[in-house]
Amino acid sequence: MNRLNTGEPTKYANAAFDEKNNYADYKSHNNGQVGQEYTTESLEGRTGQVYNDNISLGTDSMGEPSIETVYKRMHYGNTMPDGRMLVFMTGFCLGMVFFYFSKGSGIDSNPLTPLLAPSQISQLKNFETFKGGLLEYVTITRLGQLIFLFLCATSAIGGILAYSILGGLGFEFGLLMFSSVYQNGILGILLAIMMFFPHGIFYIIVFLKIFYKFWGIDKKYYHNNNAINSSSWHNKVTELRKILVILTVFCFGILSETYINPEILRKLALLF
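Description of the structure in this document. (Residues numbered from 1 in each chain as written. Predicted model: local features only at pLDDT ≥ 70, side-chain atom pairs only at ≥ 80, totals over all residues. Heavy atoms only, no water.)

To continue, consider the packing of aromatic side chains. Within the structure shown, the criterion is met by 14 aromatic pairs. Judged by centre distance (5.5 Å) and plane angle (75°), the rings of Phe99 and Tyr182 are edge-to-face. Taken together, the positions of Phe99 in helix H5 (residues 83-102) and Tyr182 in helix H8 (residues 158-184) put the pair 83 residues apart, joining distant regions of the chain. By relative accessible area, which is 11% here, Phe99 ends up buried. Ring geometry for Phe207 against Trp215: centres 5.9 Å apart, planes inclined by 50°, an arrangement best described as tilted. Among the residues examined, Phe207 registers a relative accessible area of 6% and is labelled buried. Taking relative accessible area as the criterion, Trp215 reaches 1% and is therefore assigned buried. Taken together, the aromatic side chains of Phe88, Phe92, Phe173, Phe178 and Phe196 make up a single cluster linked through ring pairs. (Phe/Tyr/Trp six-rings, centres within 6.5 Å; stacked < 30°, edge-to-face > 60°. Helix = DSSP H or I, 4+ residues; strand = E, 2+ residues; numbered from the N terminus. Buried < 20%, exposed > 50% of the residue type's maximum accessible area, 1.4 Å probe, protein only.)

Right, dumping it as structure tokens:
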């Protein structure tokens, strides 16, 4: 006998039923019925009938996804890897393969790796930076990159550019990682990661926020929300708030790259 007809409540059935009501946009407007469990007689009968009549179609009597369909989406959807992570890791692996087949040739002339040489790392122990000049340089460089990302996000091929940039970042990080290990051993992994800490976290957030409408998990929400509020004042305020969040996180990234990251690298150089 099916568990939905026995009156035995399960956390999966309840979660699927709640998700179904959210999907239907609460058309019934019956708050009492939404919160009930399957142990109630009326709800049990309705649920069992809908489940048995529409199990093959995946929809209920109103033409909406059945409880089983919603549950499958919730369960199996969470087991699928994020497309962004797949693209990044693909680029990372390609960077590793590229470094392997190049066998480290031209490593000293690679613009990504000169700071990873042991001779350069030893100089970091007594490294002093001119904070004002470094702040100006980082601000100009990152601001240009930020403008470029905004232009990519507003272009007709923004989705392609978003994943291309993500894959390129993975390729560069993979090449940098294995170049660091090639020159410094196992400690090279820590060095490669710390080169982007903590400012890299802020820049990743900025990148994901700028291209948020192109990611698979946010695309449906974006189109639905944009269709509902495309001409409303609320939507304009929401977009302005997103821009302010992006700029704030971006400023934190610049400050951390200028004042925090050099100190971390100097402390880390003592291990080499």
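Having seen the model, we can carry on.
What follows covers unusual backbone geometry. Following Phe197, the chain continues to Pro198 via a peptide bond in cis, the omega torsion being 0°. Within the element layout of this structure, Pro198 appears in the loop between helix H9 (187-194) and helix H10 (199-210).

Grouped together as the largest cluster of nonpolar side chains are 20 residues, with contacts concentrated most on Val206, Phe207, Ile210, Phe211 and Trp215. Here this core takes five residues from helix H7 (residues 131-153), the largest share from any one element. Setting aside its immediate chain neighbours within four residues, Ile210 contacts Leu146, Leu149, Phe150, Ala153 and Ile246. Formed by nine residues, the second largest nonpolar core is a distinct cluster that contains Met194, Met195, Leu265 and Ala269. (Core = buried A, V, L, I, M, F, W, Y, C linked by side-chain atoms within 4.5 Å. Contact = heavy atoms within 4.5 Å.)

In this structure the tally under the stated criterion is four salt bridges. Ionic pairing is found between Lys242 and Glu239, a salt bridge with its closest N-O pair at 4.0 Å. With Lys242 and Glu239 both in helix H12 (residues 233-259), this residue pair falls three residues apart, about one helical turn. On the accessibility criterion, Lys242 (26% relative accessible area) is partly exposed. A salt bridge links Glu263 to Arg266; the shortest N-O distance between them is 3.3 Å. Placement of the pair is Glu263 and Arg266 together in helix H13 (residues 261-269), with a separation of three residues, close to one helical turn. (Salt bridge = Lys/Arg side-chain N within 4 Å of Asp/Glu carboxyl O.)

Contact geometry for H12 and H13: axes closest at 3 Å, N-to-C directions at 35°. Of H13, the residues touching H12 (which contributes Ser256, Glu257, Thr258 and Tyr259) are Asn261, Pro262 and Glu263. Looking at the contact of H12 with H13 residue by residue, the classes come out as two nonpolar, three polar and two charged. (Axes fitted to C-alpha atoms, helices over the stretch in contact; angles between N-to-C directions. Nonpolar A, V, L, I, M, F, W, Y, C, P; charged D, E, K, R; others polar.)

Right, let's talk about the packing of H5 against H8 for a bit. Remark: H5 packs on H8, axes separated minimally by 6 Å, with the N-to-C direction vectors making an angle of 40°. Accordingly, the angle class assigned to the pair H5 and H8 is oblique. For the pair H5 and H8, the sense of crossing is right-handed. Residue composition of the contact of H5 with H8, by class: 16 nonpolar, seven polar and one charged. (Parallel < 35°, antiparallel > 145°, perpendicular 65-115°, else oblique. Left-handed = near helix turned anticlockwise from the far one by under 90°.)

As a further point, take the environment of Leu149. Looking at the secondary structure, you find Leu149 in helix H7. Residue classification places Leu149 among the buried residues on the basis of a relative accessible area of 14%. Each C-alpha atom, one on Leu149 and one on Phe207, is 7.7 Å from the other, the two residues being 58 residues apart in sequence. In this view, Leu149 contacts Ile165, Phe207, Ile210 and Phe211; residues no more than four positions away in its chain are not counted.

This part covers H7. The end-to-end C-alpha distance of H7, which contains 23 residues, comes to 32 Å, matching closely the 33 Å that a straight helix rising 1.5 Å per residue would cover. Where H7 is concerned, the buried positions are Val138, Leu146, Leu149, Cys152 and Ala153. (Expected span 1.5 Å × (residues − 1).)

Shape is all these values report; function is a separate question.
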